[in-house]
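Secondary and tertiary structure notes
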Amino acid sequence: MTDHLPHTLRSDARDNRERILDAARALFSAEGLDVPMREIARRAGVGPATLYRHFPTKQMLVADAFADQLHACRAIVDEGCADPDPWRGLRLVIERICELHARDRGFTEAFLSAFPGVTDVAAGREYTVQAVAALAQRAKEAGHLRPDFVLDDLILVLMANKGIQATSTATQVMASRRFAGLVIQAFEACPHHAPLPPAARLASAALRDLPR
């Protein structure tokens, strides 16, 4: 029996960690990143001491809670940038990133916020924005993306996509896919497009304000 005890303890610790992460994702999605750590512990069914043993700071918890989504986001951007057709690559990025965010509002909250000290999320957002900016420039040069597209438009798309409300994840994803399709049509180069009003500098301001 003694031989099995360390394994049992390690298994219990893994289970506690996963419960904490699941609870954190659910609460971040419903209430934003300001939800108290004590509430996350309560939802996970563990004591505050157990939570802090696994995640000494909220910054560490946020980063670990959305590690998979950050990896997926980067993979989407890399796939789009690798496409020899930049317009097709940009369409793929818009479609899949909107769907990724539609599946997890908590990730959108983390991605769009400047929550102090979450360097992994900040770096992931900066990488995404800069990579899409380069891809968009290639699409403009190919004549497929409207010439007045600016980097801030990507942030506007994510902010608008975050506002989609639905009764289920499946319905929300369907709505997000339609929204992405409408966005892509609006972004496509067309001689009849009226010029857009100036952007609000959302992306540049957000990136500047991110903690380093």
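In what follows, the accompanying structure is described. (Residues numbered from 1 in each chain as written. Predicted model: local features only at pLDDT ≥ 70, side-chain atom pairs only at ≥ 80, totals over all residues. Heavy atoms only, no water.)

To continue, consider the pattern of salt bridges. Under the criterion given, the structure shown has ten salt bridges. Between K162 and E109 there is a salt bridge; the shortest N-O distance is 3.0 Å. With a gap of 53 residues between them, K162 in helix α9 (residues 152-162) and E109 in helix α7 (residues 105-112) connect regions that are remote in the sequence. Looking at K162, the relative accessible area reads 32%, which means it is partly exposed. The class of E109 is partly exposed, set by a relative accessible area of 24%. (Salt bridge = Lys/Arg side-chain N within 4 Å of Asp/Glu carboxyl O. Helix = DSSP H or I, 4+ residues; strand = E, 2+ residues; numbered from the N terminus. Buried < 20%, exposed > 50% of the residue type's maximum accessible area, 1.4 Å probe, protein only.)

In this section: the nonpolar core. The biggest cluster of nonpolar side chains holds 53 residues, and the ones touching the most others in it are F28, I40 and L61. In terms of residue count, helix α6 (residues 86-103) provides more of this core than any other element does, eight residues in total. The contact partners of I40, leaving out residues within four places of it in the chain, are I20, A23, A24, L27, F28, V35, L51 and L61. (Core = buried A, V, L, I, M, F, W, Y, C linked by side-chain atoms within 4.5 Å. Contact = heavy atoms within 4.5 Å.)

Enumeration according to the criterion identifies four aromatic pairs in this entry. Here the aromatic residues F28, F66, F107 and F111 are joined through ring pairs into a cluster of three or more. (Phe/Tyr/Trp six-rings, centres within 6.5 Å; stacked < 30°, edge-to-face > 60°.)

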